[in-house]
Amino acid sequence: MADSTDLAAARPSLLARIIARLRGEGAAPPSVEPEFGPEPAVAGEPVPPLEPLVLRQWLWGPGFHQPGNLDYVLNLVKPFAPNPAMSMLDVAAGLGGAARAISDAFGTYITGLERDPELARRGMEMSVAAGKQRHAPISPIDPESFELRTGAFDCILGRGATYMVQDKERFMRVLILGLKQRGQLLLTDYVIEPSLAQRPEYAMWAELQPHKPSLWTLQQYTDCFKSLGFDVRITEDITQGPV
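Calculation notes
- All residue numbers refer to positions counted from 1 along the written sequence of the respective chain.
- Owing to the predicted nature of the model, reporting of local features is limited to residues with pLDDT of at least 70; listing and counting of side-chain atom pairs is limited to 80 or more, with chain, interface and lining totals taken over all residues.
- Remark: hydrogens and water are excluded; side-chain values derive from all non-hydrogen atoms of the structure.
- Comment: elements are numbered from the N terminus, with helices defined as DSSP H or I runs of at least four residues and strands as E runs of at least two.
- The buried label goes to any residue with under 20% of its type's maximum accessible area, the exposed label to any with over 50%, and the partly exposed label to all in between, with areas taken from a 1.4 Å probe on protein chains only.
- Only heavy atoms enter the contact rule, under which two residues are in contact if any of them lie within 4.5 Å.
- Residue exposure ignores everything except the shown protein chains as possible cover, and the areas themselves are Shrake-Rupley values with a 1.4 Å probe.
- Confidence of the predictor at the level of single residues is captured by pLDDT, which takes values from 0 to 100.
- When a carboxyl oxygen of Asp or Glu lies within 4 Å of a side-chain nitrogen of Lys or Arg, that pair is called a salt bridge.
- Aromatic pairs are defined between Phe, Tyr and Trp rings, using the six-membered ring for Trp, whenever the two ring centres lie within 6.5 Å; interplanar angles under 30 degrees are classed as stacked, those over 60 as edge-to-face, and all others as tilted.
- The criterion is simple. A nonpolar core is a set of buried Ala, Val, Leu, Ile, Met, Phe, Trp, Tyr and Cys residues joined through side-chain atoms within 4.5 Å.

A. Region of interest: the overall build of the protein chain. Per the secondary structure count, the protein chain includes nine helices and five strands. Starting at the N terminus and walking to the C terminus, you meet the elements of the protein chain as α-α-α-α-β-α-β-α-β-β-α-β-α-α. The proportion of buried residues among the 243 residues of the protein chain is 41%. Nonlocal contacts in the protein chain, meaning residues at least 24 apart in sequence, comprise 67% of its contacts between residues at least 6 apart. Split by element, the accessible area of the protein chain, about 14200 Å² in all, is 55% carbon and sulfur.

Listed below in structure tokens is the structure:
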């Protein structure tokens, strides 16, 4: 039997495998791929382009398509003190990795909403496959027109939920109406520094987004929440976080 050193040497690193596939190299793949990864390639055959969602999940874990893995998300929601008696909303659920992780860790029922219909479809398929269709369902929404049942949720999580929303004030108002009394809202998002808004890098980034970005400053977010009667407890710069 080979020892752990032999096995490690025989299996290329994750970064090496990603680089090889991006280069189109037809090297023999490792013996076991993650279930969300591509079909194994035959040595010598052209390697098909790597699907972006597959690459993102290789980086952050199954069901996680944006920066932040399972441990990051569980640490992020600790201030909620989640428990099985709570109902939670993830308003930018993507593939549902965060929703399923929170449900698994805390027994919480968590509703996932996602703007991209294809991401929502795949996310629901992954929840069904994991037996989490009741604890972590994923559904598509239009964030410019959606509504929530009043007082439905103890907590709402939104990672990257607002930066492409044009009518942010309406969006925030819907979230707040969806919270129970003394409910909690946690958002992480891109904000703009006005002095840097005209830089070409920002324009290039904006062109790559699936919907037109509409970035606010941190002060705009704070003012909006306060005008809606929210008590803003914490604001934090997480730029150097899980990228």
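B. How the structure looks around unusual backbone geometry. One non-glycine residue with positive phi stands out, namely Ala 81, at about 50 degrees. The residue Ala 81 is located in the loop between helix 4 (70–76) and strand 1 (87–90) in this model. Phi at Arg 182 takes a positive value of approximately 65 degrees, unusual for a residue other than glycine. For Arg 182, a relative accessible area of 82% puts it in the exposed group.

C. Inspection of the confidence of the model for the protein chain at higher detail. Summing up the model confidence of the protein chain, the mean pLDDT is 86 and the portion of residues at 70 or higher is 81%. Counted against residues more than four places away or in other chains, residues 1–11, with its pLDDT under 50, gives five contacts. Of the regions scoring below 50 in pLDDT, residues 26–35 engages in 15 contacts with residues more than four places distant in sequence or in other chains.

D. Region of interest: the pattern of salt bridges. Scanning the entire structure with this criterion turns up nine salt bridges. With its nearest N and O atoms 2.5 Å apart, the salt bridge here joins Glu 118 to Arg 121. With a gap of three residues between them, Glu 118 and Arg 121 both fall in helix 6 (residues 117–129), about one helical turn apart. Put simply, Glu 125 and Arg 121 hold a salt bridge, and the shortest N to O gap is 2.6 Å. Of the two residues, Glu 125 and Arg 121 are both situated in helix 6; the distance of four residues between them amounts to about one turn of the helix. According to the relative accessible area criterion, Glu 125 is partly exposed, its value standing at 46%. Connected through salt bridges with shared partners, the residues Glu 51, Glu 118, Arg 121, Arg 122 and Glu 125 form a single ionic network.

E. Inspection of the environment of Gly 61 at higher detail. Here Gly 61 shows up in the loop between helix 3 (52–60) and helix 4. For the pair formed by Gly 61 and Gly 97, sequence separation is 36 residues and the distance between their alpha carbons is 8.0 Å.

F. Structural context of helix 5 (residues 97–106). Of all 10 residues in helix 5, seven are buried; the element is thus mostly enclosed. Every buried residue of helix 5 is accounted for by Gly 97, Ala 98, Ala 99, Arg 100, Ala 101, Ile 102 and Ser 103. Two residues or fewer past helix 5, Gly 107 is found with a positive phi of approximately 70 degrees.

G. The arrangement of the packing of aromatic side chains in detail. In total, this model carries seven aromatic pairs according to the counting rule given. Plain terms: the ring middles of Tyr 163 and Tyr 190 are 4.8 Å apart, the flat faces sit at 80 degrees to each other, and that makes the pair edge-to-face. Linking Tyr 163 in the loop between strand 4 (153–159) and helix 7 (168–178) with Tyr 190 in the loop between strand 5 (179–188) and helix 8 (200–207), this pair joins segments that are 27 residues apart in sequence. Accessibility expressed as a relative area gives 9% for Tyr 163, which makes it buried. On the accessibility criterion, Tyr 190 (43% relative accessible area) is partly exposed. Summarising the aromatic geometry, the rings of Trp 216 and Tyr 221 are spaced 5.2 Å apart at their centres and angled 70 degrees between planes, so their arrangement reads as edge-to-face.

H. Spatial organisation of the nonpolar core. Judged by nonpolar contacts, the single largest core of 24 residues is most densely connected at Phe 146, Leu 148, Ile 156, Phe 171 and Leu 175. Considering each element in turn, this core owes the most residues, five residues, to helix 7. Listed in part, the 22 residues of the second largest apolar core include Phe 64, Leu 74, Ile 110 and Ala 136.

I. Seen up close, the side chain of Arg 170. Structurally, the position occupied by Arg 170 is in helix 7. Judged by its relative accessible area of 18%, Arg 170 falls in the buried class. With residues up to four places along the chain from it excluded, the contact list for Arg 170 reads Pro 143, Glu 144, Ser 145, Phe 146 and Glu 147.

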